[in-house]
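# Chain and residue survey
This is what each chain is made of:
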Amino acid sequence: METSASSYLIRPNYKHKFKAGVAKEYMREILREELSGVLYNPEETPTLSRSLADSIKNKLKDVGFERYKLIVQVVIGEQRGEGVKMAARCFWDADTDSYAQEMYMNDSLFCVAAAFGVYFY
């Protein structure tokens, strides 16, 4: 009786591992392209946030992080010279899961985007 190789992967190979540096570069590019010259408008912010999150998620899917669940969060706020603190806590496998974060600011608004790559066992 022959045994076939199992398709159950416990760890991703290096080529398909979520790479925070690669994700960060794509996020930076998308935020610069989409937000350059944009003025803060509270009525348009929900739509813009969703659009940016979808663009980032779709770009990261195209990169080829196979078997990764991608979670993207985008926060946009008005630039008033006030500080803002953001935090995220996750329970995950530090060997396979990771995240990338990028920030964009202009005179009118700030945007913080975070992408989490969680390996799907």
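Calculation rules
Residues numbered from 1 in each chain as written. Predicted model: local features only at pLDDT ≥ 70, side-chain atom pairs only at ≥ 80, totals over all residues. Heavy atoms only, no water. Helix = DSSP H or I, 4+ residues; strand = E, 2+ residues; numbered from the N terminus. Rg over C-alpha atoms; globule rule 2.2 N^0.38 Å. Buried < 20%, exposed > 50% of the residue type's maximum accessible area, 1.4 Å probe, protein only. Contact = heavy atoms within 4.5 Å. Areas by Shrake-Rupley, 256 points an atom, 1.4 Å probe, with all protein chains shown as cover. Lys, Arg positive; Asp, Glu negative; His and termini not counted. Charge placed at Lys NZ, Arg CZ, Asp CG, Glu CD. Pairing = 2+ DSSP bridges.

Identification of the chain as Tctex1 domain-containing protein 2 from Triplophysa tibetana is taken from an unreviewed UniProt entry.

So, about the overall build of the chain. On a plain count of helices and strands, the chain comes out with two helices and three strands. Taken over C-alpha atoms, the radius of gyration comes to 17 Å for the chain, far larger than the 14 Å a tight globule of 121 residues would show. A principal-axis box enclosing the C-alpha atoms of the chain has dimensions of 70 × 25 × 25 Å. When burial is assessed residue by residue, the chain has 32% of its 121 residues classed as buried. Restricting the contact set of the chain to residue pairs at least 6 apart, pairs at least 24 apart contribute 77%. Of the roughly 8500 Å² that the chain leaves accessible, carbon and sulfur atoms contribute 50%. Each charge sign in the chain was given a centre, from 16 positive and 17 negative side chains, and these centres are 6 Å apart.

Now for the pairing of strand β3 (residues 109-119). Most of β3 is tucked away, with 10 of its 11 residues classed as buried. Pairing of strand β1 (residues 68-78) with β3, which is carried by 11 bridges, proceeds in the antiparallel orientation. Bridging from a neighbouring strand, K69 pairs with V118 of β3. Across eight bridges, the pairing between strand β2 (residues 98-105) and β3 is antiparallel. Note that in β3 the partner of M103 across the bridge is V112.

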